[in-house]
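# Summary of structural features
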Amino acid sequence: MYPEYILTLSCLDHRGIVLRVSGFLAEHGCNIIDSAQFGDPESKLFFMRVHFALEDDAMSDELLRAGFGSLCADLGAEGALQDARRKPRVLIMVSKIGHCLNDLLFRYRSGLLPVEIPAIVSNHMDFYQLAASYNIPFHHLPLEAGAGESAKLAQEARIIDLLDTHRIDLVVLARYMQILSPGLCEALKGRAINIHHSFLPSFKGARPYAQAHKRGVKLIGATAHFVTGDLDEGPIIEQDVERVDHAMSVDQLTAIGRDVESVVLARAVKWFVEHRILLNGDKTVVFS
């Protein structure tokens with residue numbers, strides 16, 4: 001079987017980009033499997049994702065990557081060339097609510113999520129047995145309530161150690177209930193995904209579903225977004241909602257909300273590891 005790659009790029013929009021990219025691939029013995037592109041009339045940027053196979057045995061990976069680097073330089077583009085068969089390495093962080101973690105692990109074990117998960121990090125011990133049942137190392141990195149800045153930075157230094165040791169491509173905050181420092185957010189820019197209920201900012205703080213129930217909401221949902229230094233304000237990747245009604249209890253709303261959170265987070269992670277998400281300022285372009 002031929003090696004397969006995924007090419008992504010973004011640059012200022014102008015005529016001829018698709019021609020240049022397709023021409024480059026043809027000249028280097030590549031066959032396009034699928035391709036998607038989008039030109040944003042507001043940002044004036046062009047985005048492209050191409051899945052292709054390298055069918056010329058005489059063309060090496062090194063030559064292909066060197067040629068792609070030259071193409072990006074000529075186009076003034078930010079680009080990446082990924083091995084389509086390599087499974088990205090994901091670190092999952094969780095606190096005391098485990099529905100998203102459980103869902104991601106099931107999809108991973110079932111082959112529905114093409115990733116490697118070398119580590120799970122938590123500030124509590126609640127899910128060490130769940131991690132063990134999947135043979136994934138569990139790292140308990142506690143942080144006491146009201147801990148000072150030095151304690152928080154020391155804990156995050158251990159997280160950074162794990163990121164480096166395990167060559168992590170993506171961090172998933174699967175209901176990790178600690179705010180990351182600005183420094184860690186910056187270090188993880190574009191490669192950390194968080195999930196939260198779509199009530200933010202309307203229902204902040206404790207028991208958001210109880211707050212929503214009290215207000216009689218008719219829609220509940222969830223939002224997956226990239227992590228930034230602005231709490232829950234990062235570029236949105238995916239959202240979904242479910243209708244609810246007056247007859248439902250707080251527990252019913254919570255159960256529905258958690259189902260939506262799990263599905264939305266799983267979609268966002270899958271799209272990331274399939275290299276379908278490109279940043280467009282404070283927004284994202286997601287190629288389906």
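Just above, that's the structure.
These notes cover the structure that comes with them. The structure presented is a predicted model; accordingly, all values stated were derived computationally and were not measured. (Residues numbered from 1 in each chain as written. Predicted model: local features only at pLDDT ≥ 70, side-chain atom pairs only at ≥ 80, totals over all residues. Heavy atoms only, no water.)

### Here's the deal with the packing of aromatic side chains
To keep it simple, the criterion reads: Aromatic rings from Phe, Tyr and Trp, taking only the six-membered ring of Trp, are treated as a pair when their centres fall within 6.5 Å; an angle between ring planes under 30 degrees marks them as stacked, one over 60 as edge-to-face, and anything in between as tilted. With a 1.4 Å probe rolled over the protein chains alone, any residue whose accessible area is under 20% of its type maximum counts as buried; one over 50% counts as exposed, and the rest are partly exposed. Secondary structure follows DSSP: runs of H or I at least 4 residues long count as helices, runs of E at least 2 residues long count as strands, and numbering of each begins at the N terminus.
Counted under the stated rule, the structure contains four aromatic pairs. Judged by centre distance (6.5 Å) and plane angle (20°), the ring pair of Phe38 and Phe47 falls under stacked. Taking the relative accessible area as the measure of exposure, Phe47 reaches 0% and is therefore buried. A ring pair is formed by Phe226 and Phe272, whose centres lie 6.3 Å apart and whose planes are at 70°; its orientation type is edge-to-face. In this pair, Phe226 sits in strand E10 (residues 219-226) while Phe272 sits in helix H8 (residues 250-273), placing the two residues 46 residues apart along the sequence. Residue Phe226 is classed as buried on the basis of its relative accessible area, which comes to 4%.

### Comments concerning the sheet that holds strand E11 (residues 236-243)
The condition that has to hold: Only strands that DSSP links by at least two bridges are regarded as paired with each other. Only the stretch in contact is used when fitting a helix axis, every axis being a line fitted to C-alpha atoms; angles between N-to-C directions are given from 0 to 180 degrees. Every residue pair with non-hydrogen atoms within 4.5 Å of one another is taken to be in contact.
Strands sit in the order E7-E6-E5-E8-E9-E10-E11 across an open sheet of seven strands; the sheet is mixed. Whereas interior strands pair on both sides, the edge strands pair on one side only; in this sheet they are strand E7 (138-140) and E11. Recorded for the sheet is a direction-independent mean angle of 20° between the axes of neighbouring strands. Of the strand pairs in this sheet, strand E9 (residues 192-197) and E10 are connected by five bridges, and their pairing is antiparallel. Its bridge partner lying in E10, Ile195 is registered against Ala224. Relative to the sheet, helix H3 (residues 99-110) contacts strand E5 (89-94), strand E6 (116-122), strand E8 (170-173) and E9, its axis offset from that of E6 by approximately 165°. Sitting on the sheet, H8 touches E5, E8, E9, E10 and E11, and the angle it makes with E11 is about 150°.

### Some words on the pattern of salt bridges
Which entries qualify depends on this criterion: Any Lys or Arg side-chain nitrogen located within 4 Å of an Asp or Glu carboxyl oxygen qualifies as a salt bridge.
A complete count under the given rule lists 14 salt bridges for this structure. Measuring nitrogen to oxygen at the nearest pair gives 3.6 Å for the salt bridge that ties Arg20 to Asp74. Pair noted here: Arg20 is in helix H1 (residues 17-27) and Asp74 is in helix H2 (residues 61-75), with a separation of 54 residues, a long-range link. Looking at Arg20, the relative accessible area reads 38%, which means it is partly exposed. For Asp74, a relative accessible area of 57% puts it in the exposed group. We note a salt bridge from Asp169 to Arg86, for which the minimum N-O separation is 2.9 Å. Highlighted residues: Asp169 in the loop between helix H5 (149-165) and E8 and Arg86 in the loop between strand E4 (78-83) and E5, separated in sequence by 83 residues. Assessed through its relative accessible area of 40%, Arg86 is described here as partly exposed. Connected through shared salt-bridge partners, Glu238, Asp240 and Arg267 make up one network.

### So, the pairing of strand E1 (residues 4-12)
For E1, a buried count of seven out of nine residues is recorded, marking the element as mostly surrounded by other parts of the structure. Bridge count for E1 against strand E3 (residues 45-54) is nine bridges, and the pairing is antiparallel. Residue Leu12 lies in a different strand from E3, and its bridge partner there is Leu45. As paired strands, E1 and E4 are joined by six bridges and run antiparallel to one another. Paired with Tyr5 across the strands is Asp83, a residue of E4.

### So, the side chain of Lys152
Tracing the chain through its elements places Lys152 in helix H5. The buried category is assigned to Lys152, whose relative accessible area is 15%. Not counting residues within four places of it along the chain, the set of residues in contact with Lys152 comprises Leu143, Gln178, Ile179, Leu180 and Ser181.

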